[in-house]
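Each chain, letter by letter, is given below.
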Amino acid sequence: MNSLFFLPVTLLLGILLGNLYFRGLWTTVQKLSTTQNPILLTLGSFFGRLAIALTGFAFVLAIAQENALWHLSVCLGAFIWVRNRIIETHILHFKTSYFNTSTNLTKNWPHY
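Note that the coordinates shown come from a computational prediction; the quantities given were computed from them, not determined experimentally. (Residues numbered from 1 in each chain as written. Predicted model: local features only at pLDDT ≥ 70, side-chain atom pairs only at ≥ 80, totals over all residues. Heavy atoms only, no water.)

## Topic: the overall build of the protein chain
What counts is decided by this rule: Secondary structure elements follow DSSP: runs of H or I no shorter than four residues count as helices, runs of E no shorter than two count as strands, and numbering proceeds from the N terminus. Partly exposed residues are those whose accessible area sits between 20% and 50% of the maximum for their type, while under 20% is buried and over 50% is exposed, using a 1.4 Å probe and protein chains only. The criterion used for residue contact is that any of the two residues' heavy atoms lie within 4.5 Å. Method for areas: the Shrake-Rupley scheme with a 1.4 Å probe, in which residue coverage is limited to the protein chains shown.
Broken down by element type, the protein chain carries three helices and zero strands. Starting at the N terminus and ending at the C terminus, the protein chain contains elements arranged as α-α-α. Taking all 112 residues of the protein chain together, the buried fraction comes to 23%. Partitioning the contacts of the protein chain with sequence separation of at least 6, the portion at a separation of at least 24 is 70%. Just so you have it, the protein chain exposes about 8200 Å², and 69% of that area is on carbon and sulfur atoms.

## Considering the nonpolar core
As a reminder, the rule being used: Nonpolar cores are built from buried Ala, Val, Leu, Ile, Met, Phe, Trp, Tyr and Cys residues. Side-chain atoms within 4.5 Å join them into one set.
Leu-13, Leu-17, Tyr-21, Phe-22, Ala-53, Phe-57, Val-60, Leu-72, Cys-75, Phe-79, Val-82 and Ile-86 form the largest nonpolar core, which has twelve residues in total. Those elements that provide at least two residues to this core are α1 (3-31), α2 (38-63) and α3 (68-99). Here this core gets five residues from one element, more than from any other, and that element is α3. When residues no more than four places from it in sequence are discounted, the contact partners of Phe-57 are Leu-17, Leu-72, Cys-75, Leu-76 and Phe-79.

## Quick notes on the packing of α1 against α2
Our working rule: For helices, the axis comes from a line fit to the C-alpha atoms of the stretch in contact; other axes are also lines fit to C-alpha atoms, and the angle between any two N-to-C directions lies between 0 and 180 degrees. Between 65 and 115 degrees an angle is taken as roughly perpendicular, under 35 as roughly parallel, over 145 as roughly antiparallel, and anywhere else as oblique. Only Asp, Glu, Lys and Arg are considered charged in this grouping, and only Ala, Val, Leu, Ile, Met, Phe, Trp, Tyr, Cys and Pro are considered nonpolar; every other residue, Gly among them, is considered polar.
Axis separation between α1 and α2 bottoms out at 10 Å; the angle between their running directions is 180°. The angle between α1 and α2 places the two elements in the roughly antiparallel class. Looking at the contact of α1 with α2, its residues break down into 15 nonpolar, six polar and two charged.

Structure representation (structure tokens):
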């Protein structure tokens, strides 16, 4: 397959894998407080997400015969970029929802 054509495909695959992995992690953390068996949920989610991510990365290595490490690094870069975007989004959402409540929660907040 043409290496230049496959580069955007690996970028999109990295974005897809990152979304699946980190949104799955976020969903798992949200459900931990309501589940009957949190250890089973944690381990099942971890190994399921790990299997999906490793299969996706192995797919990139299998398809890209030439410059396989370059394609893998693009895929991993997109994977990490999605992680950073999700963290940034949730931290921003947490800050705005925590500090914009009707009660004055920041009255005793330490100011440095």
